Amino acid sequence: MTDKYAVIGNPITHSKSPLIHAAFAKQTQQALRYEAILAPLDGFAATVQTLIEQGYKGVNVTVPFKFAAFALANQYSDRATAAGAANTLTFNAQGIVADNTDGAGIVRDIEHNLRHSIIGKRVLLIGAGGAAEGVLQPLLAAQPSALVISNRSVDKAQRMVKKITDLSSHTLTHLQACTFEDLQGQSFDIVINATSAGLSDSDLAIPNSIFAKNCLAYDMMYGRETPFMQQAKDNGAEVSDGLGMLVEQAAEAFTLWRGVRPETQAVMQDIRKL
Ligand code: ATR
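Residues numbered from 1 in each chain as written. Predicted model: local features only at pLDDT ≥ 70, side-chain atom pairs only at ≥ 80, totals over all residues. Heavy atoms only, no water.

Moving on, we get to the pattern of salt bridges. As enumerated under the stated definition, the model contains 14 salt bridges in all. Here arginine 108 makes a salt bridge to glutamate 248, at a shortest N to O gap of 3.3 Å. Remark: glutamate 248 occurs in helix 9 (residues 243–258) and arginine 108 occurs in helix 5 (residues 102–113); sequence separation between them is 140 residues. Of the residues examined, glutamate 248 reaches a relative accessible area of 1% and is grouped as buried. A single salt-bridge network, built from bridges that share partners, covers Arg79, Asp99, Glu252 and Arg261. (Salt bridge = Lys/Arg side-chain N within 4 Å of Asp/Glu carboxyl O. Helix = DSSP H or I, 4+ residues; strand = E, 2+ residues; numbered from the N terminus. Buried < 20%, exposed > 50% of the residue type's maximum accessible area, 1.4 Å probe, protein only.)

Below you can see the structure in the form of structure tokens.
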């Protein structure tokens, strides 16, 4: 019998995950089916339950269900616990395992595909919503010399710092939260936009000083040039959208489920052409 997987979200019609996983399956000669499923906003748990009953092996989870996915699980990877959110669920005899492959996806895209090492670098993470939470711990694990979280509502950035500090066994002096105004005069080697401002084409109130010489400016969104990307370009930064992260987080989930790591380069090029 062919193993069944899916991505659950709302909305879901534009999801590229079925194409990505189909390409991985073909490339690695794995027999599996992967589809996109729309869950009602108040029906995530019921949708998952139905899929389990139908013999599905696991699901990816996207907006707005990543927190609900974490809450539904009874087993957790460390990176899911750190994020408090899950983008990958695996169903086993003991129940539901929550994992979060978003952070591994962005770190791999930055380090492996874009060839910017994070170790010893000054990193700025803009935003303190679900997208930022998902990547914080893997970014820290990549050992930047400084990791600053900046958010319009600074209390949310401060809460993220406190949460990860409480989970950590040692002090994290290089991890800080600040306002956009506090960024004035500071510069970073890697700047990551994890806000949803680009969705509405809104400018971020961030100063031009943040883009150091040879800076990589990374927007977790894909499919359009955001005002953040434009500002970064105008200030001489190398700019990337989040398509590589999308493909790499999928590769990480695929590896988890199938025990074989797919090649991502060709898949990334194909998806970009769509
Ligand atoms: P997601 O799951 O995409 O992270 P979210 O949890 O709603 O969505 O978080 C959205 C993030 O984008 C937040 O950090 C939000 O800032 P606030 O916490 O101050 O609301 C940020 N954001 C959205 N629009 C923004 C804008 N125009 N300027 C600055 N930050 C913005």
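The angle between the axes and the distance between the axes are what describe a pair of packed helices. Direction vectors running N to C along helix 5 and helix 9 enclose 120 degrees, while the axes themselves pass 7 Å from each other. Of the possible angle classes, the one that applies to helix 5 and helix 9 is oblique. The two elements helix 5 and helix 9 meet at a crossing, and its hand is right-handed. Counting all contacts with helix 5, which are made through Asp102, Ala104, Gly105, Ile106, Arg108, Asp109 and Asn113, the residues of helix 9 involved are Gly244, Met245, Glu248, Gln249 and Glu252. Of the residues belonging to the contact of helix 5 with helix 9, the class tally is three nonpolar, four polar and five charged. (Axes fitted to C-alpha atoms, helices over the stretch in contact; angles between N-to-C directions. Parallel < 35°, antiparallel > 145°, perpendicular 65-115°, else oblique. Left-handed = near helix turned anticlockwise from the far one by under 90°. Contact = heavy atoms within 4.5 Å. Nonpolar A, V, L, I, M, F, W, Y, C, P; charged D, E, K, R; others polar.)

Glancing now at the site of the ligand. Close to the ligand lie 15 residues; Ala131, Asn151, Arg152, Ser153 and Lys156 are nearest. At a separation of 2.9 Å, an oxygen atom of the ligand approaches a polar backbone atom of alanine 131. Between the ligand and the protein, one listed contact pairs an oxygen atom with a side-chain N or O atom of serine 153 at 2.5 Å. When isolated, the ligand has an accessible area of 640 Å², and the protein chains bury 72% of it. Residues belonging to the shell around the ligand are distributed by class as follows: five nonpolar, eight polar and two charged. (Near = heavy atom within 4 Å. Polar contact = N/O pair within 3.5 Å; in protein donor to acceptor, adjacent residues only side chain to side chain. Areas by Shrake-Rupley, 256 points an atom, 1.4 Å probe, with all protein chains shown as cover.)

Turning our eyes to something else, we now look at the packing of aromatic side chains. Tallying each qualifying case throughout the model produces six aromatic pairs. A centroid spacing of 6.5 Å and a plane angle of 45 degrees characterise the contact between tyrosine 34 and tryptophan 257, whose relative ring orientation is tilted. Taken together, the residues span a long stretch of sequence, with tyrosine 34 in strand 2 (residues 32–38) and tryptophan 257 in helix 9 at a distance of 223 residues. Just as tyrosine 34 is buried, tryptophan 257 falls in that class too. Where phenylalanine 211 meets phenylalanine 228, the ring centres are 6.1 Å apart and the plane angle is 50 degrees; that geometry is what we call tilted. (Phe/Tyr/Trp six-rings, centres within 6.5 Å; stacked < 30°, edge-to-face > 60°.)

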